[in-house]
Structure formats: structure tokens, C-alpha cells
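Close look at the chain arrangement
Each chain is listed here by its residues.
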Amino acid sequence: MATAGLYRRALPSPPAIEFGSSQGKQLFKEALAGGTVEGFFKLISYYQTQSEPAYCGLATISMVLNALAIDPGRTWKAPWRWFDDSMLDCCEPLEKIKAEGVTFKKVACLAVCNGGKVDASRTDECTVDDFRKHVILCTSSEDCHVVVSYHRGVFKQTGTGHFSPIGGYHAGMDMVLILDVARFKYPPHWIPLLLLWEAMNTIDEATGRYRGFMIISRPHKATSILYTLSCRDEGWSEVAKYLTEDVLLLLTSGDLKDVEDVLSIIFKKAPSGFGDLIKWIAEVRRHEDDGIKLSEEEKGRLSLKEELLKQIREIELFKHVTKWLAFESSGCKAVGSSGCNDRLPEVSLNVCCQGAEILSGKLSLSKESCCRETNMKLLKGENKKPVTVVSGTISTGSSEQRVDILVPSSQTVPSSLFDSDQNNCSCMYPSLGDGLTVLLLALPPHTWSSIKDEKLRGELEALVNSDSLPSLLQEEVLHLQQQLHFVAPCLITS
């Protein structure tokens, strides 16, 4: 029986020059002498072919993050931590990307969520000379890489929108080397920079906005340790809009008398899913047959998470948030959280299933899949402190997968925090109160400027002032602010 299929495409030349051709090699040799293919060697070491036809953005980001030696902080295939395009789902579900592709802003969001520092520009926001300067800067260094979003048709290639990184620049010919991640279709090739600019200076029909480029580098400070923003849940865009736009208007009310009133109006007016925008990061690994043992590296990461949780619970804002939650008879429902059942057993069931998906390389588990036999164990961690490990079994048809979840905990519990029997809230482990506190800290600084009462406005600004936070928490908040910055513009156009 015959099966239809395609084996690569002939690269239209001109305008492209194949990298592996004699002319392409000569261009590379000359660019190497000119010092503008410095970033090439790191990129080519981690060159990745997109695993799905619509995964060009994901493959590009995973390739660049690996080239920058950014630790994903989670396992790819045990025991290895490594970026792969199948792991980049924090800003959009993989099934949706597989069906529809991914937009420019979401690709930038993915890079930020996974530890990269991103400077994104569309062609209507800069000039071709600006673009050339960035290309020369990054191709002359190993510290940053240029990712371009362009329309293939301008190069006489088949297809429409595409993402790939730039691996080099030839100053004499004013050409760039595109390391096309769709290697099953076209090989790496040289393209005139002005023609690439023309291909970027096109409208993406999905968003109605111009394409562009982004500079991705390794941040000088540590990235998120415990919390991240999630755009996977339905209604995330409404929640992000609420936080960045609506809250500012709500706070113009003249009836706000104290901090609890401010929290009440923010939380009670919040749309459904408000508490689900921020997630705490659980480290998941395959269960070891010879028992549960933590490496020194795992103990170190867990210790950092626990120190951060401790710092959150020691600030005044956390005390106000937990006091408000305790006062509300239905605190979890009041903030529109579908995850109000944040006791460890319920959280573990959910994380167990997510972890099994990641470790098995599947995009989603079948309806017949279930997580069972979760049990909690305490192990000795740093300074002989107990470490919480939850083990679970995921069943998928006839097969089973055992996973371990490393859970950060803290003994720092203010007296106002309600107990584990009230509203299903947890004391030791990351809870709704912790997440809401960090989310408030991450709001744009101008959020509180609309409070009319000068004394109350000053009190709120003091509570959320990041300059007064411990350094670890300060860096966590900065990372979440950057995530919110990239998420917010996606609300109307992406």
C-alpha cells in the first residue's frame, strides 16, 4: 500500500545560499575571520529539529536556552535536565500549539518563563539599522542570540510564518545565517539581511500585528525558584487583564479604609481562575527502585525553595493576606480559585499526573489514566531537616509509572493562618496565601497609585515595596513581574 509523504524541499536559490554549499562555506570562512559567527558554535552544538510541524517557535527557544546553558530545573529524561520543545507549555497548551502554532509574543513569554532574558521588538517599533546592530552584537558574542519571526514566502520558500535563530553574519555581503529548525524541510542557509527584514516586516494574520525579532540572553540574576505564572488554564487572559488594568480602576473607590478593604475588593471582584494564574513549581522525578534518595543537588534546590517560602511568610503583606483569608468563611472561593483544595494530597494527585506526562513524553494522558497510591515520606535533608517526598503511581491502561514529588515546606506559620481543616488550606506547604502574596508583590508598581486615601496608599506601597524584601524573594518577584509584563500585552493581540 502506497503512503504519501514529502522528503525535504529544494532550497530556492537565489535568494538563499545553502550553508553546506561551496559558496556557503566560503561565506562562513569569511564571517569567521570577521568575528561574526561567535554564537554559531554554541547554537550548532544544540541544534534541534522541531518535533512537530508547528513547533518551530518551541524548538528555537529550547535550542537557544540550551546554548545559553540555562538549567531548566526539571527533568527531561531521568536523570537529565534539558530543554526540549515538548517541555515548553507554560504559556500555551502543547495540543493547541500543535494545531494552531504559536505567536510572537507567546514565544517571548516561553523564553522568559523558562529562564531567559528577552528583549523583543517588532518591525514597526524599530528600524532595519537597529536590527543589524543587534545581529552584529549577538553574532560577535556567545552571550546572546537573535531569534527571528518571518514569512517564508518572501524567500520563495513554501509555508508562511516561521521562527528560527540566527547563527552568523557576513558583513561584506550583509547576509545572515539562518539555522532553520525545520531541518526536514530546508537546510541552514544564508539570506540577505534586507530581505530577512522584509520577511519580518509582514503581518501575522493570527494577531494582525507585525512580526519581528527577539534578543535572548542569560539573566544576571537567578530565575524563578518557587513560583511561575501559568497561561494554560482557561480564563488566564481575563485574569491577567484584571490584574494589569481592572484593579487600578477598582482601587479608585473612596470607600477603602484599610489594607483588608483593599484586599477584599481585589480578591472578591476577581474573575474565575484568579488563584490559578500563579503556580508553585513542584520538582518531579521517576521513582527509584532502590528507595527514595536525594542527591546533594536536589537537596540544595529544595533548600532554596524552603528558604523562599520562609521569607514570604515573614513579610507583613503575607500576614494581611492570611488574616483576610481566615476572616472569609469561604476564602478560597472568594478569590475565584478552582484549586482551593490546596491540601498536599489533592495537590500531589494533580502534580503526579502532570509529572508522569512530562516524564513519559506525552502531551496529555487518556481519560482512563489515573493517579493512585500517593503516600508521603519524610527524609533527611540539609542540616538533617526533614524533606517531604510524595510518591505516586500513574496508571495508563496496562502500564504504570511511579513518580516522586519533592515538596518544599516551612514551619513559619503566623497565628492568623487558618488550620488544615478550615477551607482545606495547608500550613507547612505552599498554599493559596503564599501564592496570592507573591502575586500582589508582582503587580505593576503604579497599581496602588489610584488609592485616594494618601495614608492608605502609602501603607500599601510600603507593603509591596520590593526594595525592602530579602534578596531571594526580591529576585523571585522580579521574575514574576517580567512574566506578567510579557503576558499582559497578549490580552488583545499576541
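Residues numbered from 1 in each chain as written. Predicted model: local features only at pLDDT ≥ 70, side-chain atom pairs only at ≥ 80, totals over all residues. Heavy atoms only, no water.

Notes on the overall build of the protein chain
Regarding its fold elements, the protein chain presents 16 helices and 15 strands. Every one of the 494 residues in the protein chain was classed for burial, and the buried ones make up 54%. Relative to all contacts within the protein chain whose residues are 6 or more apart in sequence, the contacts with residues 24 or more apart total 70%. Accessible surface, the protein chain as shown: approximately 22,100 Å² in total, 51% of it carbon and sulfur. (Helix = DSSP H or I, 4+ residues; strand = E, 2+ residues; numbered from the N terminus. Buried < 20%, exposed > 50% of the residue type's maximum accessible area, 1.4 Å probe, protein only. Contact = heavy atoms within 4.5 Å. Areas by Shrake-Rupley, 256 points an atom, 1.4 Å probe, with all protein chains shown as cover.)

A look at the side chain of histidine 189
Within the secondary structure, histidine 189 is located in strand 6 (residues 189-192). Setting aside chain neighbours within four positions, we find histidine 189 in contact with Leu11, Ala16, Ile17, Glu18, Phe19, Gln157, Val176, Leu177, Ile178 and Asp180.

Points about the pattern of salt bridges
Counted according to the given criterion, the structure contains 10 salt bridges. Among the ionic pairs, aspartate 180 bridges to arginine 152, the shortest N-O distance being 3.0 Å. In this pair, aspartate 180 sits in the loop between strand 5 (175-178) and strand 6 while arginine 152 sits in the loop between strand 3 (144-151) and strand 4 (161-170), placing the two residues 28 residues apart along the sequence. The partner of arginine 313 in a salt bridge is aspartate 434, and the shortest N-O contact between them spans 2.7 Å. Residue arginine 313 is located in helix 10 (residues 296-314), and its partner aspartate 434 is located in helix 14 (residues 432-441); the two are separated by 121 residues in the primary sequence. (Salt bridge = Lys/Arg side-chain N within 4 Å of Asp/Glu carboxyl O.)

A closer look at the sheet that holds strand 1 (residues 17-18)
Within the open sheet, the 7 strands sit side by side as 1-6-5-4-3-9-2. Their pairing is antiparallel. Of all strands in the sheet, those with a lone pairing partner are strand 1 and strand 2 (117-122), marking the two edges. Pairing geometry for strand 3 and strand 4, over 6 bridges, is antiparallel. Residue pairing in the sheet places valine 148 in a bridge with serine 164 of strand 4. Contacts from helix 5 (residues 104-113) reach strand 2, strand 3, strand 4 and strand 9 (212-217), with the element oriented near 170 degrees to strand 2. (Pairing = 2+ DSSP bridges. Axes fitted to C-alpha atoms, helices over the stretch in contact; angles between N-to-C directions.)

Here's the deal with the state of the cysteines
Cysteine pairs can be covalently joined through their sulfur atoms, and such a bond is termed a disulfide. Counting across every chain of the model gives 1 disulfide. Between the sulfur of cysteine 138 and that of cysteine 144 lies a disulfide, 2.3 Å long from S to S. Looking down the S-S bond of the cysteine 138 and cysteine 144 bridge, the torsion is -115 degrees, so its handedness is left-handed. Judged by relative accessible area, which is 2%, cysteine 138 ranks as buried. By relative accessible area, cysteine 144 is classed as buried at 10%. (Disulfide = S-S within 2.5 Å.)

Overview of the confidence of the model for the protein chain
For the protein chain, the average pLDDT comes to 80, and 74% of its residues sit at 70 or higher. This stretch, residues 414-426, has a pLDDT under 50; its non-local contacts, to residues over four places away or in other chains, come to 36 contacts. Within the model, pLDDT remains below 50 along residues 490-494, and this stretch shows 17 contacts once partners closer than five positions in the same chain are excluded. (pLDDT = per-residue confidence, 0-100.)

Considerations on the packing of aromatic side chains
Scanning the entire structure with this criterion turns up 10 aromatic pairs. Arranged with centres 5.3 Å apart and planes meeting at 85 degrees, the rings of phenylalanine 40 and phenylalanine 41 form a pair that is edge-to-face. In this structure phenylalanine 40 comes out as buried when scored by relative accessible area, which is 6%. Relative accessible area serves as the criterion here: at 38%, phenylalanine 41 is assigned to the partly exposed category. Ring centres 4.9 Å apart and planes at 50 degrees place the aromatic pair phenylalanine 131 and phenylalanine 213 in the tilted group. With phenylalanine 131 in helix 6 (residues 128-139) and phenylalanine 213 in strand 9, this residue pair connects regions lying 82 residues apart in the sequence. Grouping residues by exposure puts phenylalanine 131 and phenylalanine 213 together as buried. (Phe/Tyr/Trp six-rings, centres within 6.5 Å; stacked < 30°, edge-to-face > 60°.)

Some points on the packing of helix 11 (residues 316-327) against helix 14
Relative orientation of the contacting elements helix 11 and helix 14 amounts to 130 degrees, with a least axis distance of 9 Å. Classified by the interaxial angle, the pair formed by helix 11 and helix 14 is oblique. Crossing geometry of helix 11 relative to helix 14 is assigned as right-handed. In contact with Leu317, Phe318, Val321 and Leu325 of helix 11, helix 14 contributes Leu432, Gly433, Asp434, Leu436, Thr437, Leu440 and Leu441. (Parallel < 35°, antiparallel > 145°, perpendicular 65-115°, else oblique. Left-handed = near helix turned anticlockwise from the far one by under 90°.)

So, helix 7 (residues 193-200)
Counting buried positions over the 8 residues of helix 7 gives 6, a clear majority of the element. Looking at helix 7, one finds that the buried residues are Leu193, Leu195, Leu196, Trp197, Ala199 and Met200. Buried residues in helix 7 make contact with helix 6, strand 3, strand 4, strand 5, strand 6 and strand 9.

Observations concerning the environment of proline 72
Mapped onto the fold, proline 72 is located in the loop between helix 3 (56-67) and helix 4 (94-100). Accessibility expressed as a relative area gives 14% for proline 72, which makes it buried. C-alpha separation for the pair proline 72 and asparagine 114, spaced 42 residues apart in sequence, amounts to 6.6 Å. Apart from residues no more than four positions distant in its own chain, proline 72 is found in contact with Arg81, Trp82, Phe83 and Met87.

Some remarks on the nonpolar core
Formed by 55 residues in total, the largest nonpolar core has its most connected members in Leu251, Val262, Ile266, Phe267, Phe274, Leu440 and Trp448. In terms of nonpolar packing, the next biggest core, distinct from the first, is built from 43 residues, Leu27, Ile97, Trp190 and Ile216 among them. (Core = buried A, V, L, I, M, F, W, Y, C linked by side-chain atoms within 4.5 Å.)

A few points about the side chain of serine 149
Counting through the fold element by element, serine 149 comes out in strand 3. When its relative accessible area of 4% is taken as the criterion, serine 149 is described as buried. Not counting residues up to four positions away in its chain, the partners in contact with serine 149 are Phe104, His162, Phe163, Met200, Arg211 and Gly212.

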